[in-house]
Amino acid sequence: MTVRAKSLVTLSLTASLVSCATLPVFASDNKTDDEKVTIRVAWWGNQTRNDLTVKALDLYTEQHPNVTFETEPSSWDGYFDKLATQAATGSLPDIYQQDYGQIRSYYDQNLMLNLQQFVESNTLDVSRISEAVLASGSFDDDLYAMCIGLNSPALFYDKETVEAAGVTIPEQMTWDEFFDISQTIYDKTGVQTYIDSMVLGMLFRGIGTSEFSEDGTAFGVDDDSVFLTYFQMIADASKSNWHVSPEILTEKNPTVTETMPIIDQTCWNSFSNSNQYGTISSTAGRELGITMWPVMKDDTQQVQYLKSSQFLCGSSTTEHPEIVADVINFITTSIEANEILNGERGVPVDSDVLASFDERLSDNDKVVYKFIDDVNAVATPMDPPSPSGSSEIGTLVDDLTEQVRYGEITPEDAASQVFEEGSEILAEKANEDN
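Residues numbered from 1 in each chain as written. Predicted model: local features only at pLDDT ≥ 70, side-chain atom pairs only at ≥ 80, totals over all residues. Heavy atoms only, no water.

*Asks:* What am I meant to see in the overall build of the chain here?
*Replies:* Counting secondary structure elements, the chain contains 18 helices and twelve strands. Relative to the 2.2 N^0.38 estimate, which gives 22 Å for 434 residues, the radius of gyration of the chain is 22 Å and therefore close to what a compact globule would have. Taken over the C-alpha atoms alone, the chain extends approximately 65 × 50 × 35 Å along its principal axes. Relative to its 434 residues, the chain shows a buried fraction of 56%. (Helix = DSSP H or I, 4+ residues; strand = E, 2+ residues; numbered from the N terminus. Rg over C-alpha atoms; globule rule 2.2 N^0.38 Å. Buried < 20%, exposed > 50% of the residue type's maximum accessible area, 1.4 Å probe, protein only.)

Here's what the structure looks like:
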């Protein structure tokens, strides 16, 4: 297991490098001072993540009694709205968890602490982390966001339901096979299926491009054809008897672990990320299956990729930059801390930490690590960080998806609206950034 595990930290991740004014270099505060310091830390996650993170931070305080933490955990829903409000009011937490899709926007706005100075002083030890992993959080060759786990998009499925339906789930199916399986499962068990807007980005990847151009000023395609494929998929599914109704989706929020339709077997599937496997399986109280996302039968590129599950960033306005860097280093490289965190945020990126997991992997961990190894054999590079305006476009897609589900708008009109309005949003944001 050791050789296989250590190989994971060399997985190739890519990141777009963009230019921005250099952030100020802070005079180092002495992290061994006796002066009492409170560090605010924010993250999104479920109660399991909250409990583990607080325990790890408590361990840091045991080792550094002058440092205490004010924790600000949130669910995924609303986390980035809250973070954006804090950014706008100059009250960002000293340390905040960040998503790959958001880091370029925060970098462009000078909201992230430049960590490179602490890499050079060895406050932040990256010697056991691959250059490719570091590149995923770097801009202009400086590190701004520390990747704290690797994962991959995954399709979870309920083994009990699948077995009851007499269905075999392939390692990676086509969308046509997915639809046929969904129909069979419904016919045999009455359990339905769920599809959401996460599918859209994978449809772009399948044709060999990204949703957005590399410079973030436009979509990755010249027309609305990919959007039409997506909205037509939603429309067809919504008219079928095997797809869950929009009313049920309102009741059972798929973005909250406790209410996911797969938990109570309302649905047999859930599109998620591999690092959520353990939490969702534990919440469901039974072993789930895991497989790669479906592909279109005429796709030209493998859609599966390896990604940073989350990053930790420091605020560019923190009054304690060296302590911030030291805490990020602790969470990333401390074996003791990671014995507590237990890979809940994804496969650890520090090779020593990863090797320490070998003898204590749970059954759920073994499932996830095998899945990551399988993905590594076929993965293509991940997309560049999403540009400014992508969150607005995501909201627009979600709103139109709901309208398509209710039959209030045609797939053609929804696709045209996203492409036209989205193109305007991207162009406007590009002008603002310049």
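*Asks:* Please clarify how the packing of helix α12 (residues 277–284) against helix α16 (residues 363–376) should be interpreted in this entry.
*Replies:* Angle between the axes and distance between the axes are the two parameters that describe a pair of packed helices. For the pair α12 and α16, the least separation of the axes is 9 Å and the interaxial angle reads 140 degrees. For the element pair α12 / α16, the angle class is oblique. Judged by the twist between their axes, the crossing of α12 over α16 is right-handed. Every residue of α16 that contacts α12 at Tyr277, Gly278, Ser281 and Ser282 is listed here: Asn364, Val367 and Val368. Of the residues that constitute the contact of α12 with α16, the class distribution is three nonpolar, four polar and no charged. (Axes fitted to C-alpha atoms, helices over the stretch in contact; angles between N-to-C directions. Parallel < 35°, antiparallel > 145°, perpendicular 65-115°, else oblique. Left-handed = near helix turned anticlockwise from the far one by under 90°. Contact = heavy atoms within 4.5 Å. Nonpolar A, V, L, I, M, F, W, Y, C, P; charged D, E, K, R; others polar.)

*Asks:* Sorry, what's going on with the confidence of the model for the chain here?
*Replies:* Interpretation of this model should avoid reading the predicted coordinates in detail wherever pLDDT is low. Mean pLDDT over the chain works out to 89, with 92% of the residues at or above the 70 mark. This model gives residues 1–32 a pLDDT under 50, and the stretch forms 97 contacts once residues within four places in sequence are excluded. (pLDDT = per-residue confidence, 0-100.)

*Asks:* Explanation requested: the packing of helix α9 (residues 198–206) against helix α10 (residues 225–239) in the structure shown.
*Replies:* Where α9 contacts α10, the two axes come as close as 10 Å, and the packing angle between them is 140 degrees. In this view, α9 runs oblique relative to α10, as classed from their interaxial angle. Once α9 is placed against α10, the crossing between them reads as right-handed. Listed contacts from α10 to Val199, Leu200, Leu203 and Phe204 of α9 are Val226, Phe227, Thr229, Tyr230 and Met233.

*Asks:* Help me understand the side chain of Thr333 in this model?
*Replies:* Structurally, Thr333 is set in helix α13 (residues 321–333). When its relative accessible area of 12% is taken as the criterion, Thr333 is described as buried. Within polar-contact distance, the side chain of Thr333 engages the backbone oxygen of Asn329 at 2.7 Å. (Polar contact = N/O pair within 3.5 Å; in protein donor to acceptor, adjacent residues only side chain to side chain.)

*Asks:* What is the right way to read the pairing of strand β10 (residues 288–291) from this model?
*Replies:* Consecutive side chains of a regular strand alternate in pointing toward one face of the sheet and then the other. Taking every second residue as pointing to the same face, both faces of β10 are buried, with Leu288 and Ile290 on one and Gly289 and Thr291 on the other. Judged from the four bridges that link them, strand β8 (residues 153–158) and β10 form a sheet pairing that is antiparallel. When the bridges of β10 are listed, Tyr157 appears paired with Gly289. (Pairing = 2+ DSSP bridges.)

*Asks:* What is the right way to read the nonpolar core from this model?
*Replies:* Side chains of nonpolar character tend, in soluble globular proteins, to be buried together. Ranked by internal contacts, the top residues of the largest apolar core, which has 127 residues, are Tyr96, Met112, Leu124, Met146, Phe227, Phe231 and Trp268. Among the elements that take part in this core, α10 stands out by supplying eight residues, more than any other. With near-sequence residues (within four places) excluded, Met146 lies in contact with Leu115, Leu124, Val126, Ile129, Leu134, Gln310, Phe311, Leu312, Ile328 and Thr332. (Core = buried A, V, L, I, M, F, W, Y, C linked by side-chain atoms within 4.5 Å.)

*Asks:* Please clarify how the sheet that holds strand β2 (residues 67–74) should be interpreted in this entry.
*Replies:* Each strand in a sheet pairs with its neighbour through backbone hydrogen bonds, running either in the same direction (parallel) or in the opposite one (antiparallel). Here five strands make up an open sheet; going across it, the order is β2-β1-β3-β12-β6 and the pairing mixed. Both edges of this open sheet fall to β2 and β6 (145–147), since each of them pairs with a single strand only. For this sheet the average axis-to-axis angle between neighbouring strands, irrespective of direction, equals 25 degrees. Sheet analysis places strand β1 (residues 37–44) next to β2, joined by eight bridges and oriented parallel.

*Asks:* Sorry if this is basic, but what is going on with the sheet that holds β8 here?
*Replies:* Within the open sheet, the three strands sit side by side as β9-β8-β10. Their pairing is antiparallel. Two strands lie at the open edges of the sheet, namely β9 (269–273) and β10, each paired on one side alone. Strand after strand, the sheet turns through a mean of 30 degrees between neighbouring axes, direction not considered.

*Asks:* Just checking my understanding: could you explain the packing of aromatic side chains for this structure?
*Replies:* The relation between two aromatic rings is expressed through the spacing of the ring centres and the mutual angle of the planes. Under the defined criterion, the tally for this structure stands at 26 aromatic pairs. Relative to Phe227, the ring of Phe219 lies with its centre 5.0 Å away and its plane at 70 degrees, an arrangement referred to as edge-to-face. Of the two residues examined, Phe219 and Phe227, each falls in the buried class. Geometrically, the ring pair formed by Phe219 and Phe419 is stacked, given 5.7 Å between the ring centres and 25 degrees between the ring planes. Of the two residues, Phe219 sits in the loop between α9 and α10 while Phe419 sits in helix α18 (residues 411–433), which places them 200 residues apart along the sequence. (Phe/Tyr/Trp six-rings, centres within 6.5 Å; stacked < 30°, edge-to-face > 60°.)

*Asks:* Help me understand the environment of Val41 in this model?
*Replies:* You can see Val41 is positioned in strand β1. For Val41, a relative accessible area of 4% translates into the label buried. In this structure, the C-alpha to C-alpha distance between Val41 and Leu426, residues 385 residues apart in sequence, is 31 Å.

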